Amino acid sequence: MTPSTSPGSSGPDPAAGVILAPRPWLPLGILALGLALLPLQRVWNGAPIAAGVVGVLGLFLLLQTLLLRLQFSDEALLVWSRSRLLRRFPYSDWLGWTVFWGPLPVLFYFRERQSPHLLPVIFDATALRQQLELHLSALP
């Protein structure tokens, strides 16, 4: 099954594959880190700038958590932005994958024949690993 990308499409179809639930923990943790940098301004003049940069990154990732969805279909990993299909990554092109930092997963790396990809884990990490093992168990 392939998802519909017609103008009237309402987004990923759950019948076409598993859609990962969003998890805002990573963006919220980055925002908290940005706030934790603010008290350092008494000993480091660059603290407000660093806090601002880290805070903007956290807000950007929080926005992505609200907008993006990963869907595992029978043939490919699909990346959706609301109702629009952004990218399709066929499993047949994958060379490998890794979820970094085991108990606290924050980065998801996968390599295709054409290029590598590094994504923040703004989705349910347990479901992500389960789906990767289900669809890509033959990979190293």
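No experiment lies behind these values; they were computed from the predicted model shown.

Caption draft 1: The overall build of the protein chain, seen in detail. Scanning the protein chain from N- to C-terminus turns up three helices and seven strands. In sequence order, the protein chain lays out its α and β elements as β-α-α-β-β-β-β-β-β-α. Taken along the three principal axes of its C-alpha coordinates, the protein chain extends 60 × 40 × 25 Å. A buried classification covers 39% of the 140 residues belonging to the protein chain. A total of about 8300 Å² of accessible surface is found on the protein chain, and carbon and sulfur atoms cover 64% of it.

Caption draft 2: Quick peek at the sheet that holds strand E6 (residues 107–112). Ordered by their spatial adjacency, three strands build an open sheet running E5-E6-E7, and the pairing between neighbours is antiparallel. Each edge of the sheet is formed by a strand with only one pairing partner; in this case those strands are strand E5 (94–100) and strand E7 (116–120). Sheet twist, expressed as the average angle between the axes of neighbouring strands with direction ignored, equals 15 degrees. For E6 and E7, the ladder comprises five bridges, and the chain directions are antiparallel. Following the sheet pairing, Phe-108 is matched in E7 by Leu-119.

Caption draft 3: Up close: the confidence of the model for the protein chain. Taken residue by residue, the protein chain gives an average pLDDT of 92. The fraction at 70 or more is 93%. A low-confidence stretch, residues 1–8 stays under pLDDT 50, and its non-local contacts, those more than four residues away or across chains, total 13 contacts.

Caption draft 4: Fine view of a nonpolar patch on the surface. Judged by side-chain polarity, Leu-40, Val-43 and Trp-44 come together as a nonpolar surface patch covering roughly 320 Å² of accessible area. The topology assignment puts Val-43 in the loop between helix H1 (25–37) and helix H2 (47–67).

Caption draft 5: The arrangement of the side chain of Thr-65 in detail. Within the fold, Thr-65 resides in helix H2. According to the relative accessible area criterion, Thr-65 is buried, its value standing at 3%. Setting aside residues no more than four positions away along its own chain, Thr-65 makes contact with Pro-22, Arg-23, Pro-24, Pro-27 and Ile-122.

Thresholds applied
Residues numbered from 1 in each chain as written. Predicted model: local features only at pLDDT ≥ 70, side-chain atom pairs only at ≥ 80, totals over all residues. Heavy atoms only, no water. Helix = DSSP H or I, 4+ residues; strand = E, 2+ residues; numbered from the N terminus. Buried < 20%, exposed > 50% of the residue type's maximum accessible area, 1.4 Å probe, protein only. Areas by Shrake-Rupley, 256 points an atom, 1.4 Å probe, with all protein chains shown as cover. Pairing = 2+ DSSP bridges. Axes fitted to C-alpha atoms, helices over the stretch in contact; angles between N-to-C directions. pLDDT = per-residue confidence, 0-100. Contact = heavy atoms within 4.5 Å. Patch = residues over 30% accessible without salt bridge, like charges linked within 9 Å, V, L, I, M, F, W, Y side chains within 5 Å. Salt bridge = Lys/Arg side-chain N within 4 Å of Asp/Glu carboxyl O.

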